[in-house]
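Single-letter residue listing:
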Amino acid sequence: MALIVQKFGGTSVGSVEKIKNVANRVIEEAENGNEVVVVVSAMGKTTDQLVSMARDISGSPSKREMDMLLTTGEQVTISLLTMALIEEGHEAISYTGWQAGMQTESVHGNARILNIDATRIQAQLQEKKIVVVAGFQGNDANGEITTLGRGGSDTTAVAIAAALNADRCDIYTDVTGVFTTDPRYIKGARKLQSISYDEMLELANLGAGVLHPRAVEYAKNYQIPLEVRSSMERESGTIIEEEATMEENLIVRGIAFEDSITRVTIYGLPQSLGALSTIFTTLAKNRINVDIIIQSMTAEDTTNLSFSTKSEDTEAALIVLEDNKEQLGFDRVETESGLAKVSIVGSGMVSNPGVAAEMFEVMANTGIQVKMVSTSEIKVSTVVNEKEMVKAVESLHEAFKLGQHANVLA
């Protein structure tokens, strides 16, 4: 007997018929003799609809009340799925995040999990019941309902798997696995048999929407094997583990891309030792994420600083900078929107120098201007014009032969 945690996303539970299909997938696992915990998201576009209704009432709704509102979406799903399981003759029970023992920090809208008291889940598993848990939600030390942010159901599933010391966590979605890039944009994209935690974490952070980065972090930290697979197709998915099966000639394993990027440039910063830390500490305190960073000195003994951020965060970033202008000591701020981030990822890059050079050569030959660059041991990220994003991905995908089937090494 194994303990399996299954997670089904919003598209997988988007209708009553789809919920019945999910129930069948859950029952298959249970009838194989396994203990099963199921984590689900809100049905289809429910969360978007709830957000829209809130926006119709207020341009700036209370974050606390937004958490109260949005958590209702998952509660609908867990009750309907549990009913479907019971209707098929299986004992099952549903829990909200707080009933399942999901304890979070006191942050509305984007809380992090602090601890999971899995006592109630374990007790129901001992009673041979299937346990259905609402993803995306928990509560803080004051009993306030919190949400984990977009993609939080992935994190819920992996965190529960870690708390229960599960044998495996299966992430069911509307794709059949992790691809070399997004198959909706690139026809030659190929499903990977396996990928390492580190590679998947880079891809997730860089815009690949298959898994939430926090979920991958949990899986890596607690060594929980993940499999990303289709909720509709009966086929194996992609295994995410510590050391992925190496595929011949795949120095680059995948390409991630993300649109709606803005470059923010701060001019005239003082050349003091603490200037950069003050800037980014100030932004971090206001929960504004920045990505690629470029610094350049000027002849006037000042520093110009550029960083990229998601366009949706730009206005908040500008307000924070302006509110702290006197303390930070800069002259002015300019922005450039309409940008995108394109990144190549692969653990093979560590032992293969020249990958970045090849990437830049491909971009130059394709006529694509690179505006910003960031590198690590296993990735190279570039910022380009948004209109050239897909062309850049297509060119890189072809250049690094990601669409060609590689032999799996024994």
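Residues numbered from 1 in each chain as written. Predicted model: local features only at pLDDT ≥ 70, side-chain atom pairs only at ≥ 80, totals over all residues. Heavy atoms only, no water.

1. A short note on the pattern of salt bridges
Going through the model one piece at a time under the given rule, you end up with 20 salt bridges. Linking Arg253 and Glu199 is a salt bridge whose minimum nitrogen-to-oxygen distance equals 3.3 Å. Separated by 54 residues along the polypeptide, Arg253 in the loop between strand E12 (238–241) and strand E13 (254–270) and Glu199 in helix H6 (residues 197–205) bring together distant segments of the chain. Residue classification places Glu199 among the buried residues on the basis of a relative accessible area of 1%. Several salt bridges share partner residues, and in doing so they unite Glu29, Arg168, Asp170 and Arg229 into one network. (Salt bridge = Lys/Arg side-chain N within 4 Å of Asp/Glu carboxyl O. Helix = DSSP H or I, 4+ residues; strand = E, 2+ residues; numbered from the N terminus. Buried < 20%, exposed > 50% of the residue type's maximum accessible area, 1.4 Å probe, protein only.)

2. Thoughts on the packing of helix H1 (residues 16–31) against helix H3 (residues 63–87)
For the pair H1 and H3, the least separation of the axes is 9 Å and the interaxial angle reads 60°. Relative to H3, the element H1 is oriented oblique. Relative to H3, the crossing made by H1 is right-handed. Residue-level inspection shows Ile19, Val22, Ala23, Val26 and Ile27 of H1 in contact with H3, the latter providing Leu80, Leu81, Ala84 and Leu85. Of the residues contributing to the contact of H1 with H3, the split by class is nine nonpolar, no polar and no charged. (Axes fitted to C-alpha atoms, helices over the stretch in contact; angles between N-to-C directions. Parallel < 35°, antiparallel > 145°, perpendicular 65-115°, else oblique. Left-handed = near helix turned anticlockwise from the far one by under 90°. Contact = heavy atoms within 4.5 Å. Nonpolar A, V, L, I, M, F, W, Y, C, P; charged D, E, K, R; others polar.)

3. Re the sheet that holds strand E3 (residues 92–95)
Reading across from one edge, E3-E6-E2-E1-E9-E11-E12-E10 is the order of the eight strands in this open sheet, with mixed pairing throughout. Looking at strand neighbours, the two that pair on one side only are E3 and strand E10 (194–196), the edges of this open sheet. Put simply, the sheet's adjacent strands are angled 20° from each other on average, direction ignored. (Pairing = 2+ DSSP bridges.)

4. Quick notes on the packing of aromatic side chains
Counted according to the given criterion, the structure contains four aromatic pairs. Taking the centre distance of 6.1 Å and the plane angle of 70° together, the rings of Phe280 and Phe307 count as edge-to-face. Residue Phe280 is found in helix H8 (residues 275–285), and its partner Phe307 is found in strand E15 (residues 302–310); the two are separated by 27 residues along the sequence. Like Phe280, the residue Phe307 is buried in the burial classification. One cation-aromatic arrangement involves Arg332 over Tyr267; the distance from NZ or CZ to the ring centre is 4.0 Å. (Phe/Tyr/Trp six-rings, centres within 6.5 Å; stacked < 30°, edge-to-face > 60°. Lys NZ or Arg CZ within 6 Å of the ring centre and 35° of its normal.)

5. Focus: the UniProt feature "domain: ACT" (unreviewed entry) in the protein chain
Mapped onto this numbering, the UniProt entry annotates "domain: ACT" (unreviewed entry) at residues 264–338 and 344–410. For residues 264–338, helix accounts for 33% and strand for 37%, while the C-alpha atoms at its two ends are 12 Å apart. (UniProt positions renumbered as here; feature names shortened; annotations may be inferred.)

6. A short note on the UniProt feature "binding site: substrate" (unreviewed entry) in the protein chain
Under the local residue numbering, the UniProt record ascribes the feature "binding site: substrate" (unreviewed entry) to Thr47 and Glu74. With the annotated positions falling across 28 residues, the maximum pairwise C-alpha distance of 9.0 Å places them together in a single cluster. Residue position: Thr47 is located in helix H2 (residues 46–57). Exposure remark for Thr47: the relative accessible area of 14% places this residue in the buried category. Those residues within four positions of Thr47 in sequence are excluded, and the remaining contacts are Ala42, Leu70, Glu74 and Arg150. Mapped onto the secondary structure, Glu74 falls in helix H3.

7. Side note on the side chain of Thr309
Within the fold, Thr309 resides in strand E15. There is a polar contact of 2.9 Å between the side chain of Thr309 and the backbone oxygen of Asn289. Non-local contacts of Thr309, meaning those with residues more than four positions away in its chain, are made with Ser260, Ile261, Thr262, Val264, Ile288, Asn289 and Thr314. (Polar contact = N/O pair within 3.5 Å; in protein donor to acceptor, adjacent residues only side chain to side chain.)

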